[in-house]
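Each chain, written out:
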Amino acid sequence: MGMTHHTAKEFGEVVVFYLKGKLMGGPESSEVAEEIRNYIASGTRKFVIDLGDVDWINSSGLGMLIGGLTSVRNVGGTLILARLTEKIESLLVITKLSTVFETCPTVEEALTKV
Amino acid sequence: MRRFFRSVEEQALLRRVVNRLDTLEQLFTQGQHEEILQALEKLRASFDAWNSADIERQHNELLSEVALSLSRAIGLEDILSHIVEGLAKLVPFDAAGVFIVERDGKTIAAEYLRGYRRDSYELVHQKVGEGIVGRVVETGKTMIVNDVSQNPYYIAARKGTRSELAVPMFSPASGEVIGVFNLESNNLNAYTVEDAELVSTLAANAAVAIEREQIYHRLIYQQRIQEELALARRIQQSLLPANTNVLGLDIYGLSIPSEQVGGDYYDFFTLSHKDLAFVMSDVVGKGIPAAIIMAGVRGSLRVEARTTYSIGQILEHVNNFVHSTSQPGEFVTIHYGVVDVANFQITYSNAGHNPAMLLNKQGEIQLLSQGGVPIGAFPEGKWTESIVPFHPGDTLLLYTDGVTEAENPKGQMFTAKRLMSLLQTCVGKSAKEIIQIIQQEVVAFTEGKSFADDMTLLAIVFEEQHR
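Rules used in this analysis
- Residues numbered from 1 in each chain as written.
- Chains lettered and ligands numbered in written order.
- Predicted model: local features only at pLDDT ≥ 70, side-chain atom pairs only at ≥ 80, totals over all residues.
- Heavy atoms only, no water.
- Helix = DSSP H or I, 4+ residues; strand = E, 2+ residues; numbered from the N terminus.
- Contact = heavy atoms within 4.5 Å.
- Buried area = accessible area lost by both parts, 1.4 Å probe.
- Salt bridge = Lys/Arg side-chain N within 4 Å of Asp/Glu carboxyl O.
- Polar contact = N/O pair within 3.5 Å; in protein donor to acceptor, adjacent residues only side chain to side chain.
- Pairing = 2+ DSSP bridges.
- Axes fitted to C-alpha atoms, helices over the stretch in contact; angles between N-to-C directions.
- Phe/Tyr/Trp six-rings, centres within 6.5 Å; stacked < 30°, edge-to-face > 60°.
- Lys NZ or Arg CZ within 6 Å of the ring centre and 35° of its normal.

Which parts of the structure should I look at to understand the overall build of chain B?
Of the regular secondary structure elements, chain B holds 11 helices and 18 strands. Taking as baseline every contact in chain B between residues at least 6 positions apart, the subset at least 24 positions apart corresponds to 66%.

Right, here's the structure in full:
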């Protein structure tokens, strides 16, 4: 039931995470959180998370995103969520997390804003 | 030594010895010296053959003794001690040890020792791949070391040892190496291939005993965990308030954890002669970790609700508590509110929780979604309060996402929309009826597929006759 796949790519000083499948906590989610922390430790301050291919996020998945955002903000960095599906958008609205996360319709736009 | 049970082969060999003795006797009486010498030669050969068969029989006797002790002895240590004692009659050693690979697959523990100093660091801290024993675990092959000082793997764990025999023990179930049967001698070249074969046979017996013991312990351990979980479940269920009728409010709640314990909970308690506080909450995750956070949230919310008036402040205080005690990424969604039956209103704040549904007598539904972010996610936050009218005949329904996200076998979710349509048919029903209708509908929708998440519901019906 976990996320099936994730990759990370660097665009200059920005790191983009591409997530796929279901974001349901689980070991893959901890891997993403761990990778974000590693990038932070090696100096990265700007992150984009592409959620366009994520079918569903549960509360543990949201926890991972919140954990990532907190780690990034603690070092004065920025994190933008890109390509939110309608389902995920409404989940962020329900949980009011839409007031906390910066979002962008495309990864390209996120790269210019981050 | 018992001499009654002889194998067919052994009986044949013995018969030949006896025949040859008879022949020899005849030759003596006939005075044929050449033939006597030849016959003596043959007799010696036959006798040797019988003799070695006799040793084999001793081995077999030992094996049956070991097998017997396996069925008799209770503890693993008893069994291993029996095996090693029996072995001492056949293969000489100055120290013997049975070593078992730990669950991590990396370290090796001494299960039974004889002739060693037990406090030897090298003995109790063995690692797979290191030392003779560690090497045997890694390769699964017997090692006969004629001179330990010449062996690159040897790590001294005992003074005086000059040669060593280490035999792997294999799991009868999986065939994997589970440990090593190890003998050490103060003499050089103490062990032969025959010794190794005998020890292998015994090691197989030891492996059965070891595996049986391990399975037994695992079962005991699992049983204890189950008992503790059942206890945790009883404690958690006892934290939920009893369904009741208070201040003219008909209240009914239900919480079904997907595991023994869960992170969902609901609560309600009177704050005054006209005010009833209610809570619906969902802790991130499931099982024990969620249950622990849940118990903390419940306690702090109950204390705050009684000492602080402003709902926004109550949630700020609870946020401080949860954020300071939780790990990054852990958070709690809380729908907290107060029903004021004298002023016909509900004051509430929704901290990232699924919006409660307020059903009026006309079958219209209002969603209570105002508030703030989930509790504990961030060090600070603001939670706004909202007031909505609540009159006799109205119903407030609170729930967790385990209800709206319950999946059917096709992977479709129950959804808030379906819950709303269902609730609209519930005007005039009691709180218990409403919860039961929803529960039945969710169960029917999921077609018996087990719930992946905790599912919790609470209905508060403002009774008509109350004035």
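There's more to say after this.
How should I be thinking about the interface of chain A and chain B in this particular structure?
Much of the literature gives interface size as the accessible area that the parts lose upon coming together. Listed per partner, the contact involves 16 residues of chain A and 20 residues of chain B. Here chain A packs against chain B, burying approximately 1400 Å² in sum over the two surfaces, 68% of which is carbon and sulfur. Of all residues in chain A, Ser-59, Ile-66 and Lys-96 of chain A give up the largest surface area on contact with chain B, accounting jointly for 35% of the area buried on that side. Remark: the boundary between chain A and chain B carries one salt bridge. The partner of Glu-407 of chain B in a salt bridge is Lys-22 of chain A, and the shortest N-O contact between them spans 3.8 Å. At the surface where chain A touches chain B, the tally comes to two residue pairs in polar contact (both at pLDDT 80 or more).

For this particular structure, what's the right way to read the sheet that holds strand 7 (residues 244-246) of chain B?
Pairing between the strands of a sheet is mediated by backbone hydrogen bonds and can be parallel or antiparallel. All names here are of chain B. Judged by pairing direction, the sheet is antiparallel, and its six strands sit side by side in the order 7-8-18-17-13-14 without closing on themselves. Two strands lie at the open edges of the sheet, namely strand 7 and strand 14 (365-368), each paired on one side alone. Ignoring which end each strand starts from, the neighbouring axes of this sheet average 20° apart. Bridge count between strand 13 (residues 356-359) and strand 17 (residues 395-399): three bridges; the pairing is antiparallel. In the sheet register, Leu-358 faces strand 17, and the bridge partner there is Leu-396. Taken strand by strand, helix 10 (residues 416-424) contacts strand 13, strand 14 and strand 17, and its axis lies near 25° from that of strand 13.

What am I meant to see in the packing of aromatic side chains here?
Any pair of aromatic rings gets described here by the distance separating the centres and the angle formed by the planes. What the rule picks out here adds up to five aromatic pairs over all chains. For the ring pair Phe-414 of chain B and Phe-445 of chain B, a centre distance of 5.4 Å and an interplane angle of 80° mean the geometry is edge-to-face. Taken as a pair, Phe-414 of chain B in the loop between helix 9 (401-404) and helix 10 and Phe-445 of chain B in helix 11 (residues 431-446) lie far apart in primary sequence, 31 residues in all. Aromatic ring contacts, followed pair by pair, group Phe-17, Tyr-39 and Phe-47 of chain A into a single cluster. Positioned above the aromatic ring of Phe-414 of chain B is the side chain of Arg-418 of chain B, whose terminal nitrogen or guanidinium carbon lies 5.8 Å from the ring centre.

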